[in-house]
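Commentary on secondary and tertiary structure
Listed here are the chains, written in short residue letters.
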Amino acid sequence: MFDIVALGELLIDFTPRGVSEQGSYVFEANSGGAPCNVLAAARRLDKSAAFIGKVGTDMFGRFLKETIEKLGIDSSGLILSEEFFTTLAFVKLDEQGNREFSFSRNNSADVMLTPEEVDPALIRQARIFHCGTLSLTHPASRAALRKGLDLAKEYGVLISVDPNLREPLWENLEAAKAAMRLVLSCADIIKISDYELAFLYGETDVVKAARRLLEDFRPKILFATCGKEGAYLLKDGILLHQPCFEVKTIDTTGAGDAFCGAALSRLADRGLAFDRLDEAACRELLRYASAAASLATAKRGAIPAMPAAGEIDRLLQGA
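Described below are features of the structure shown in this document.

What to know about the packing of helix H9 (residues 279-296) against helix H10 (residues 309-318)
Helix-helix packing: each pair is described by the crossing angle between the helix axes and the interaxial distance. The N-to-C vectors of H9 and H10 enclose an angle of 110 degrees; their axes lie 9 Å apart at closest approach. Judged by the angle between their axes, H9 and H10 are roughly perpendicular. Packed against H9, whose contacting residues are Arg287, Tyr288, Ala291, Ala292, Ser294 and Leu295, the element H10 presents Ala309, Glu311, Ile312, Asp313, Leu315 and Leu316 at the interface. Here the residues of the contact of H9 with H10 are counted per class, giving 8 nonpolar, 1 polar and 3 charged.

Considering the pattern of salt bridges
Per the counting criterion, the structure on display carries 13 salt bridges. Where arginine 266 meets aspartate 269, a salt bridge forms, and the shortest distance between an N and an O atom there is 3.4 Å. Of this pair, arginine 266 and aspartate 269 are both found in helix H8 (residues 255-269), 3 residues apart, which corresponds to roughly one turn of the helix. Relative accessible area serves as the criterion here: at 23%, arginine 266 is assigned to the partly exposed category. Given a relative accessible area of 46%, aspartate 269 falls into the partly exposed group.

Considerations on the sheet that holds strand S4 (residues 49-56)
Read from one edge of the open sheet, 9 strands run S5-S4-S1-S8-S9-S10-S11-S12-S13, paired in mixed fashion. The open sheet has two free edges, formed respectively by strand S5 (74-81) and strand S13 (238-242), since each of these has just one partner strand. Geometrically, the sheet is characterised by an average inter-axis angle of 15 degrees between neighbouring strands, direction not taken into account. One ladder, built from 5 bridges, connects strand S10 (residues 189-193) with strand S11 (residues 221-225); its direction is parallel. Following the sheet pairing, serine 193 is matched in S11 by threonine 225. Contacts from helix H6 (residues 194-201) reach S10 and S11 within the one sheet, and its direction differs from that of S10 by about 90 degrees.

Considerations on the packing of helix H5 (residues 173-184) against H6
Where H5 contacts H6, the two axes come as close as 10 Å, and the packing angle between them is 110 degrees. Classed by the angle they form, the pair H5 and H6 counts as roughly perpendicular. Across the interface between the two elements, Leu173, Ala176, Lys177, Met180, Arg181 and Leu184 from H5 touch Glu196, Phe199, Leu200 and Tyr201 from H6. Grouping the constituent residues of the contact of H5 with H6 by class yields 7 nonpolar, no polar and 3 charged.

Section: the pairing of strand S3 (residues 25-32)
Relative to S3, strand S2 (residues 11-19) is paired through 7 bridges, and the arrangement is antiparallel. Bridged to leucine 11 within S3 is glycine 32. If you look at the hairpin formed by S2 and S3, you'll find 5 residues sitting between the two strands, and glycine 23 has a positive phi there, around 85 degrees.

Examining helix H7 (residues 206-217)
End to end, H7 covers 16 Å across 12 residues, agreeing with the expected 16 Å (1.5 Å per residue, within 8%). Restricting attention to buried positions, one finds in H7 the residues Val206, Val207, Ala209, Ala210, Leu213, Leu214 and Phe217. Within H7, the buried residues cover an arc of 165 degrees as seen down the axis, which keeps them to one side. Exposed positions of H7 whose direction lies more than 90 degrees from the buried face are Lys208 and Glu215. Structurally, the start of H7 carries an N-cap: the backbone nitrogen of valine 207 is 3.1 Å from a side-chain oxygen of aspartate 205. One or two positions beyond H7, positive phi appears at arginine 218, with a value near 55 degrees.

Rules of the game
Residues numbered from 1 in each chain as written. Predicted model: local features only at pLDDT ≥ 70, side-chain atom pairs only at ≥ 80, totals over all residues. Heavy atoms only, no water. Axes fitted to C-alpha atoms, helices over the stretch in contact; angles between N-to-C directions. Helix = DSSP H or I, 4+ residues; strand = E, 2+ residues; numbered from the N terminus. Parallel < 35°, antiparallel > 145°, perpendicular 65-115°, else oblique. Contact = heavy atoms within 4.5 Å. Nonpolar A, V, L, I, M, F, W, Y, C, P; charged D, E, K, R; others polar. Salt bridge = Lys/Arg side-chain N within 4 Å of Asp/Glu carboxyl O. Buried < 20%, exposed > 50% of the residue type's maximum accessible area, 1.4 Å probe, protein only. Pairing = 2+ DSSP bridges. Expected span 1.5 Å × (residues − 1). Arc of directions from axis to C-beta. Polar contact = N/O pair within 3.5 Å; in protein donor to acceptor, adjacent residues only side chain to side chain.

Okay, structure coming up:
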């Protein structure tokens, strides 16, 4: 049995490390990809995890496989392709650590995952099945994700969704919006950003947009993250806000995934018993996930930045 099984992209984030003596950009190759970032966050909190996806047999694909295996993530669902190269993302940071992405993804490995390569046994063993929307940008991986969602529903596995909108990867924004609605309609647990809420509803008031989403899709619990403005939790009649914790932010890559992984871990700790989550339990859950997200911004990269339980506990105790 796995606490969380995720399906989607596993890739290299080239994060900036200044400029060379010749004035050229210098990048560091970090492991990343939102679904696997979430698993890495959960593993740092001692949750069992398995990943379904595809990388190349190139040096980067081998590095990614080694990385997740060192974290203790089950890699039996990771396909190594000799035909397609590992997906690459280049990250630009502004002075506040906020990100801009450029992708090398056309015909790359993650979008070539096929339904036949999705192992039903892994999903059957999951307590939570987690995904985003980026697998829906291409036909093969779209069919693979839809198979994963169908299997999760068939086996009674809870479905967690973080849309993880990346506009440059879509041919048009209406397709992106339709993809978001597709996965959100399946979700029991939703983690979504303020930017994604505004994209979906044309509403900049986070609470108003989140309430509309809650009404439209009826998840068991909803988290809305707002960067430096903190995060919200909505469940039944409960509405909570948590400001960010004060850390020295250098890179926001993976912060939302750290939040999601920590939130899923705490929900698993509580037996995924949503009916027993009163306001006090929701407050503790939101503070814990927010602390994890804040800590992730104090390190570079995504998977390497995921905090351990002791780090989160120390931040909460000092708050």
